[in-house]
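One letter stands for each residue in the lines below.
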Amino acid sequence: MVSYREQIKISRELIEHVADMAMLELDEDEIEAMKTYFEEMLDVFDVISDVEIKGEWSLRVSSELRSDEPVERPLVAFEDLQMRFPKLSQGYLVVPALRKGDEQ
Amino acid sequence: MIRGVIDSFREGRRSVRDYVEEFLDTIHRVERDINAFIYIRDTEDILREAEEWDKRYRSGENVPPLAGIPVAVKDNIAVSGMPLTCASKILEDFISPYDATAVKKLRDAGAIIIGKTNMDEFAMGSATQFSAFGGTRNPLDLSRVPGGSSGGSAAAVAAGEVPVALGSDTGGSVRQPAAFTGTVGLKPSYGGVSRFGLVAFASSLDQIGVIAGNVEDVAVVARVIYGKDPMDATSADVEMRHPLDPIDVLDSVRIGVWRELENHPPEEPIMKVYEDFLRELGERFHLVDVSLPSLGLGVAAYYLIAPAEASSNLARYDGVRYSWRDYSVPSYKEMVKKVRTEGFGEEVKRRIMLGTFALSAGYQDALYKKAVAVRGLISREFDRAFNDVDVILMPTSPVLPWKIEAKMRPSEVYKADLYTIPVNLAGLPAISVPIGEVNGLPVGLQIIAPWGKDEYLLSVAMLLEKLWR
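The sections below set out a description of the structure shown in this document.

Conventions used here
- Residues numbered from 1 in each chain as written.
- Chains lettered and ligands numbered in written order.
- Predicted model: local features only at pLDDT ≥ 70, side-chain atom pairs only at ≥ 80, totals over all residues.
- Heavy atoms only, no water.
- Helix = DSSP H or I, 4+ residues; strand = E, 2+ residues; numbered from the N terminus.
- Rg over C-alpha atoms; globule rule 2.2 N^0.38 Å.
- Contact = heavy atoms within 4.5 Å.
- Buried < 20%, exposed > 50% of the residue type's maximum accessible area, 1.4 Å probe, protein only.
- Lys, Arg positive; Asp, Glu negative; His and termini not counted.
- Salt bridge = Lys/Arg side-chain N within 4 Å of Asp/Glu carboxyl O.
- Polar contact = N/O pair within 3.5 Å; in protein donor to acceptor, adjacent residues only side chain to side chain.
- Axes fitted to C-alpha atoms, helices over the stretch in contact; angles between N-to-C directions.
- Parallel < 35°, antiparallel > 145°, perpendicular 65-115°, else oblique.
- Left-handed = near helix turned anticlockwise from the far one by under 90°.
- Nonpolar A, V, L, I, M, F, W, Y, C, P; charged D, E, K, R; others polar.
- Buried area = accessible area lost by both parts, 1.4 Å probe.
- Core = buried A, V, L, I, M, F, W, Y, C linked by side-chain atoms within 4.5 Å.
- 1 Å grid on protein atoms, 1.4 Å probe; cavity = no way out; pocket = protein on both sides within 12 Å on 5 of 7 lines; lining within 4 Å.
- Points joined across faces, edges and corners; volume = space filled by probe spheres on them.
- Phe/Tyr/Trp six-rings, centres within 6.5 Å; stacked < 30°, edge-to-face > 60°.

1. Remarks on the overall build of chain B
Then comes step 1: A count of helices and strands for chain B gives 16 helices and eleven strands.
Then comes step 2: Taken against the 2.2 N^0.38 rule, which gives 23 Å for 469 residues, the C-alpha radius of gyration of chain B at 21 Å falls within 12% of a compact globule.
Then comes step 3: Across its three principal axes, chain B shows a C-alpha extent of roughly 65 × 55 × 45 Å.
Then comes step 4: Sequence-distant contacts in chain B: of pairs separated by 6 or more residues, those separated by 24 or more amount to 74%.

2. Here's the deal with the side chain of Arg340(B)
Then comes step 1: Of note, Arg340(B) is situated in helix α11 (residues 332-343).
Then comes step 2: The buried charged residue Arg340(B) lacks any salt bridge, with Asp318(B) as its nearest oppositely charged partner at 7.1 Å.
Then comes step 3: A distance of 3.3 Å separates a polar atom in the side chain of Arg340(B) from the backbone oxygen of Met23(A).
Then comes step 4: Discounting residues that sit within four places of it in the chain, Arg340(B) has contacts with Ala22(A), Met23(A), Leu24(A), Ile90(B), Leu314(B), Ala315(B), Tyr317(B), Asp318(B), Lys349(B) and Ile352(B).

3. Examining the packing of helix α10 (residues 298-313) of chain B against helix α13 (residues 364-385) of chain B
Each pair of packed helices can be summarised by the angle the axes make with each other and by the distance between the axes.
Residue and element names in this part refer to chain B.
Then comes step 1: Contact pair α10 / α13: the axes reach a minimum separation of 8 Å and the direction vectors enclose 120°. By the angle between their axes, α10 is oblique relative to α13. α10 and α13 meet at a crossing whose hand is left-handed. Contacts between α10 and α13 involve Gly298, Ala301, Leu304, Ile305, Ala308 and Glu309 from the former and Leu367, Tyr368, Ala371, Val372, Val374, Arg375 and Ile378 from the latter.
Then comes step 2: For the contact of α10 with α13, a count of residues per class yields ten nonpolar, one polar and two charged.

4. Here's the deal with the pattern of salt bridges
All names here are of chain B.
Then comes step 1: Evaluated as defined, the whole model comprises 34 salt bridges over all chains.
Then comes step 2: The shortest N-O distance in the salt bridge between Arg107 and Asp99 comes to 3.0 Å.
Then comes step 3: Given the relative accessible area of 30%, Arg107 is considered partly exposed.
Then comes step 4: Classification of Asp99 by relative accessible area gives buried; the value is 19%.
Then comes step 5: Its salt-bridge partner being Arg144, residue Asp141 comes within 3.0 Å of it at the nearest N-O pair.
Then comes step 6: Look at Asp141 and you get partly exposed, because its relative accessible area is 23%.
Then comes step 7: Bridged by salt links that share partners, the residues Glu346, Glu347, Arg350 and Arg351 form one connected network.

5. Some thoughts on the environment of Gly427(B)
Residue and element names in this part refer to chain B.
Then comes step 1: Along the polypeptide, Gly427 turns up in the loop between α15 (421-426) and β10 (430-438).
Then comes step 2: Between the alpha carbons of Gly427 and Leu304 there is a distance of 17 Å; along the sequence they are 123 residues apart.
Then comes step 3: When neighbours within four sequence positions are excluded, Gly427 is seen to be in contact with Lys187, Ser189, Tyr190 and Trp451.

6. Examining the environment of Ser88(B)
All names here are of chain B.
Then comes step 1: Within the secondary structure layout, Ser88 lies in the loop between β2 (70-74) and α4 (101-108).
Then comes step 2: The sequence separation of Ser88 and Phe130 amounts to 42 residues, and the corresponding C-alpha distance is 8.9 Å.
Then comes step 3: Discounting residues that sit within four places of it in the chain, Ser88 has contacts with Glu121, Phe122, Ala132, Phe133, Gly343 and Phe344.
Then comes step 4: From its side chain, Ser88 meets the backbone nitrogen of Ile90 in a polar contact 3.2 Å long.
Then comes step 5: In this structure the side chain of Ser88 is engaged in a polar contact, spanning 3.5 Å, whose partner is the backbone oxygen of Gly343.

7. Some details on the interface of chain B and chain A
Then comes step 1: The partner chain A presents 41 residues to the 49 residues of chain B that form the contact.
Then comes step 2: For chain B, the biggest contributors to the area lost against chain A are Lys337(B), Met353(B) and Lys370(B); these three give 16% of the whole.
Then comes step 3: Put simply, chain B and chain A have three salt bridges between them.
Then comes step 4: Linking chain B with chain A are eleven residue pairs in polar contact (both at pLDDT 80 or more).
Then comes step 5: Mapped onto the side of chain B that touches chain A, the elements with two or more residues apiece are α10, α11, α12 (346-359), α13 and α14 (410-415) of chain B.
Then comes step 6: Split by residue class, the side of chain B that touches chain A holds 26 nonpolar, seven polar and 16 charged.

8. What to know about the nonpolar core
Then comes step 1: Core analysis: the biggest nonpolar cluster contains 188 residues, and Phe45(A), Phe122(B) and Ile447(B) have the highest contact counts within it.
Then comes step 2: What Ile447(B) contacts, discounting residues up to four positions off in sequence, is Val391(B), Ile392(B), Leu393(B), Pro429(B), Ala430(B), Ile431(B), Val433(B), Leu457(B), Val460(B), Ala461(B) and Leu464(B).
Then comes step 3: One finds Ala127(B), Val145(B), Trp402(B) and Ala416(B) within the second-largest nonpolar core, a separate group that totals six residues.

9. Some thoughts on empty space enclosed by the protein
Residue and element names in this part refer to chain B.
Then comes step 1: Evaluated as defined, the whole model comprises three cavities of 30 Å³ or more.
Then comes step 2: Computed from the structure, the largest cavity encloses a volume of approximately 80 Å³.
Then comes step 3: Taken together, 14 residues line the largest cavity, and the ones lying closest to its centre are Gly125, Ser126, Ser173, Tyr302 and Asp417.
Then comes step 4: Considering only residue class, the lining of the largest cavity consists of four nonpolar, eight polar and two charged.
Then comes step 5: In this model, the second largest cavity occupies a volume close to 50 Å³.
Then comes step 6: Elements with a contribution of two residues or more to the lining of the second largest cavity: α6 (175-181) and β11 (441-448).
Then comes step 7: By residue number, the principal contributor to the lining of the second largest cavity is β11, which donates three residues.
Then comes step 8: Among the residues making up the lining of the second largest cavity, the classes are represented as seven nonpolar, three polar and no charged.

10. A closer look at the packing of aromatic side chains
We describe a pair of aromatic rings using the distance from one ring centre to the other and the angle between the two ring planes.
Then comes step 1: In this structure the tally under the stated criterion is 19 aromatic pairs over all chains.
Then comes step 2: Seen from their ring centres, Phe38(A) and Phe357(B) are 5.0 Å apart, and the 40° between their planes marks the pair as tilted. A residue pair is termed interchain when its members come from two chains, as with Phe38(A) in helix α3 (residues 28-45) and Phe357(B) in helix α12. You'll find Phe38(A) and Phe357(B) in the same group, each marked buried.
Then comes step 3: Between Phe122(B) and Tyr317(B) the ring centres are 5.0 Å apart and the planes differ by 50°, which places this aromatic pair in the tilted class. Note that Phe122(B) is positioned in the loop between β3 (112-117) and α5 (151-158) and Tyr317(B) in the loop between α10 and α11, a separation of 195 residues in sequence.

Shape is all these values report; function is a separate question.
This is how it looks when you write it as structure tokens:
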């Protein structure tokens, strides 16, 4: 069995990349602590590293994931939105309150 | 017990107001030490509601089944007009605009919601110490943790602050704190109770559960909150109409005992209590060894699947859809990062990072897909085992409640969920009932049943509870 630690190198760059995807900022100490945490968790995951993904087991729960590609969605023009919501506050559009009492 | 209390209200031997006041007095006396609640309703409001029920009892009209019973609700379950913080700074000012289905059913049944209980932030933890509102202490030993993540609910019941509380269970978060506080905790079959209004942590694993001082009280509340709900497509019609008389299951129940526990033994004193209990049980019942060799893989699978789902579910806390908006930064991305970095606590950040990593390109096959395969493996093993037995027994936790100041690495704490996690992965119902103690600290027995057999599970739990008590 090849351990996950041998398969996956937990580098500072990897932690920074994951943090960016997770929309989190980590300081120097947190990056180091997260690196240690990831390495310890790889050790925890080792018990499943030689589980085969095939046959009936994988059919019990869907494991289909979409490809990890950015999805392009058409942007709504700011001018179009401003026609519906003409009032601005600090650069943001002011929209009607959803609940009574939230008008402020 | 709740049924006896309701009878006393009906017969005029006790008023709802007096009953509720006893709990409010207890809260006033012990809450400073225990910190079980994040929010407690105004006393006058609570007593006014109690007096309304007194009037209705006095008038002799038919009242719903929980009329006048105080209930606490974990702070990741929506109660209209009350805070819904998930013990997180990122939601510290959020007030729920609606009731969760389980809460609506409780209110319709006459329960008086007392307040919202403390928890690990977004239900991620096993000790109720990862809370933005301070940790909860175990009422049985204030130097120790009450378990988690529903530790506030369990502590509130154990301390006599409320007779019953709702919690949520994603990997053991109702059963483990029940075991740590000497209370009873039920995790329903997946889908048995609607998740509408439960703040999502790991949607394929989350369930709302019940904590009370005894199995019958758990059953009384479970009957109210179970049922299919059009607001939750994953909810199901799981039968929960009336508890069976334990005598009905006495002669027929086939009890299984997890064979591979010896490969994953609990702390020695827990093992001794468990073996003593089995010895006594074996004198009355035929116990069957059942093999579930893959349960030991559950922790690894869970800590990939649950963080993966959490990383997606918690993406909504971005300063736009939820939480405060920071106008001091120049771009949208910086604003989202700033709010999330300041708003989430350390354990939540760890799990979001781990989940994002597990789902990221290049690691899905090696990590996430293997975890999903293990989940299927564990489900199949349970299915096979339940051909031969009606319920399976094992301890609820491999460890006793640890000291609050104990320094433990996250991976060490995660392994304490070893016995409870497989139940969530397979979507099964399970309950923890106390069966003994070690130096004043309780030991819980976990009873697991096939999916949908929740009513039967409660009947067996009542039977075993009677044997121990």
